[in-house]
Amino acid sequence: MKFGPLAIKDAEGAVLAHSTLAGGTRLRKAHRLTAEDVALLRAEGVSTVIAAKLEPDDLDEDQAAERLAKRLAVDGIAVRPPSTGRVNFYAEKAGLFIVDKEAVDRLNAVDPAITLATLPDYSPVTEGQMVATVKIIPFAVPARRVSEAVDEIREDVFRVAPFRPHSVGVVQTALPGLKDSVLDKTARITGERLARSGSHVTRELRPAHEADAVARAITALKDESDMLLVFGASAVCDADDVIPAAIHKAGGTVERVGMPVDPGNLLVIGTIDGKPVIGAPGCARSPKTNGFDWVLDRLMAGIAVLSSDIAGMGVGGLLAEIPTRPQPREGKAPSRELAVWGVLLAAGQSRRMGAHNKLLASFDDVPLVRRTGAELAKAHIKGAVAVLGHEAERVKTALDGLGLGVAINGAYQEGLSTSLKTGISALPEEASGALIMLADMPQIGSEDLNRLVDAFVKAGGNSVVRATHNGKRGNPVILPRVLFAEVARLEGDTGARHVVEQGLVSVIDVETGAAAHIDVDTPEALEKAGGVLN
């Protein structure tokens, strides 16, 4: 392949490197020029184009990607047609993605132009989730280089081990002072964990935290279950502690006590009558990923977990801390005052309101944006910034006298993410969290905001706090400083929900009533909420 400036007379069949305008026609990047295209460009006075001219032995990007993808194809993983030099692979069933890193490395070492990227080894995947992608970097590569890459694929490079539904018996031990609500929450979270593999709890028993009592519970459940999970009221601290001792007393064997994954160190794994028994670490009471998930997912996919397998989990085993752990790996930093700042999002175009700006609609003779801005200004926060864009001057006038700072979003037409980024970047270094408030929520009051702020401070400023109604998420939401960098990565019409649902930090829901769901996106909704368009 030859790449660079190409005389227009020699350009037929070449691949454009950049989008080019020819009269009223836009020829896109990677477009293969036809004789008609060349004639059109010449008529417009174009003498040269930046393009790629393929050699006789070259494969274009799609041909190369498709050839490589055919060699990589395996049962259980769907292969999509090539496009712009890329072929994507998708799991056909939920399961565990398993990949041979050495094989991937060998393939990627053949030529920088030929690439294969995959999910990490042993990643849990859902049906339809992308697991790998082949990408050809230039517009074409020599066929011999593709052949070399294909030759490096000596066996299956990756696969999905599908999850198999299991019936699971659950034992939760009890001690004086351990609340039933903790056990109930653990049961709920465990059911949710099992659901991703189509598994279910057959029965749950709650014996005293004593080896004999736990052994009896294990014995009672083993015949009706494919797997047993045991949650101890007290953490395991020795190979002869209650849970491993109970497995032995019930006639089982203990494969290992402890694992090099944190959170998850205090896991116990064994068998009874050929069925897996897991003594769950305390962090398994949290829905966040921990070492327990690593073992559980493998077993649900029919993959044996030996002591040697667990011993090999140390690299990558330092997982994100779970804030609710009784003894986190590091003590808390010295306490400081948590400064929550408000961000009022008031830059939108009100597209569904026709020619009207809904933020200037009257509610009890007060512009909507002033109504919401005033409630934010009254809340127990250090300060607030209003993000303006559409009709910025009119909206700014409506906010006069409230003491809110102003940040102008010049890119407001590109979507909500731009306003979020503008607002976050306008906050001072002292801001421990950002209270994100939509300017079109007329029923949210300062008392609602104060409840969110109080919950944020009580949690140490390390959690997301969001308003809810009847268990359904709503707005406003407080984002801790640790997530500000994630906001900076948002694009398009994407809001804070995307950042929240990544699961990087814990989420605290605060019931604020129906106000959490009432915004005014249409004239009908505005009228129903008591507003009048001006």
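Look above for the structure.
What you see is a predicted model; the values in this text were computed from it and never measured. (Residues numbered from 1 in each chain as written. Predicted model: local features only at pLDDT ≥ 70, side-chain atom pairs only at ≥ 80, totals over all residues. Heavy atoms only, no water.)

Chemist: I'm lost on the packing of helix H2 (residues 61-72) against helix H4 (residues 143-151) in this one. Help?
Modeler: When two helices pack together, their arrangement is given by the angle between the helix axes and by the axis-to-axis distance. Where H2 meets H4, the closest approach of the two axes is 10 Å, and the angle between their N-to-C directions is 15°. The angle between the axes of H2 and H4 places the two elements in the roughly parallel class. Seen along the crossing, H2 lies across H4 with a hand that is right-handed. Across the interface between the two elements, Ala64, Arg67, Leu68 and Arg71 from H2 touch Ala143, Val146, Ser147, Ala149 and Val150 from H4. Here the residues of the contact of H2 with H4 sort into six nonpolar, one polar and two charged. (Axes fitted to C-alpha atoms, helices over the stretch in contact; angles between N-to-C directions. Helix = DSSP H or I, 4+ residues; strand = E, 2+ residues; numbered from the N terminus. Parallel < 35°, antiparallel > 145°, perpendicular 65-115°, else oblique. Left-handed = near helix turned anticlockwise from the far one by under 90°. Contact = heavy atoms within 4.5 Å. Nonpolar A, V, L, I, M, F, W, Y, C, P; charged D, E, K, R; others polar.)

Chemist: I tried to follow the nonpolar core on my own but got confused; where do I start?
Modeler: Generally speaking, a soluble globular protein has its nonpolar side chains buried in company with each other. Membership of the largest hydrophobic core comes to 66 residues, with the highest contact counts inside it found for Leu344, Val369, Leu399, Leu427, Leu435, Ile436 and Leu479. Take this core: its biggest share by element is seven residues, from strand S21 (residues 339-346). Excluding residues that lie within four positions of it along the chain, isoleucine 436 makes contacts with Val343, Leu345, Leu420, Ile424, Pro476, Val477 and Leu479. Of all hydrophobic cores here, the second largest spans 33 residues; its members include Ala64, Ala65, Ile77 and Val150. (Core = buried A, V, L, I, M, F, W, Y, C linked by side-chain atoms within 4.5 Å. Buried < 20%, exposed > 50% of the residue type's maximum accessible area, 1.4 Å probe, protein only.)

Chemist: I tried to follow the side chain of threonine 372 on my own but got confused; where do I start?
Modeler: Here threonine 372 shows up in helix H10 (residues 368-378). Of the polar contacts made by the side chain of threonine 372, one reaches the backbone oxygen of valine 369; its length is 3.2 Å. If we skip the residues at most four places from it in the chain, threonine 372 touches Leu344, Met437, Leu438, Ala439, Met441 and Pro442. (Polar contact = N/O pair within 3.5 Å; in protein donor to acceptor, adjacent residues only side chain to side chain.)

Chemist: Just checking my understanding: could you explain the sheet that holds S21 for this structure?
Modeler: In a beta sheet, neighbouring strands are held together by backbone hydrogen bonds and run either parallel or antiparallel to one another. Sheet architecture is open: seven strands sit in the order S25-S24-S21-S26-S28-S27-S29, paired in mixed fashion. The sheet terminates laterally at strand S25 (405-408) and strand S29 (507-511), the two strands that pair on one side only. The average angle at which neighbouring strand axes cross in this sheet is 25°, direction not considered. Sheet analysis places strand S26 (residues 431-438) next to strand S28 (residues 472-480), joined by four bridges and oriented antiparallel. Bridge pairing links alanine 434 to leucine 479 in S28. The strands touched by H10 within the sheet are S21, strand S24 (383-388) and S26, with S21 carrying the most contacts at an inclination of about 175°. (Pairing = 2+ DSSP bridges.)

Chemist: What am I meant to see in the pairing of S28 here?
Modeler: The side chains of a regular strand alternate, first on one face of the sheet and then on the other. Bridge analysis of strand S27 (residues 464-469) against S28 gives four bridges, and the strand direction is antiparallel. Pairing of histidine 469 across the sheet is with lysine 472, part of S28. As consecutive antiparallel partners, S27 and S28 are separated by two residues, and within that stretch asparagine 470 has a phi angle of approximately 55°, a positive value.

Chemist: Whenever I open this one, the pairing of strand S19 (residues 268-272) confuses me. Can you help?
Modeler: Burial of S19 is extensive: four of the five residues sit out of reach of the surface. Of the pairings in the sheet, the one linking strand S18 (residues 253-257) to S19 comprises four bridges and is antiparallel in character. Counted as the bridge partner of valine 254 is glycine 270 from S19. From the end of S19 to the start of strand S20 (residues 275-280), which pair antiparallel, there are two residues, and aspartate 273 there has a positive phi angle of about 55°.

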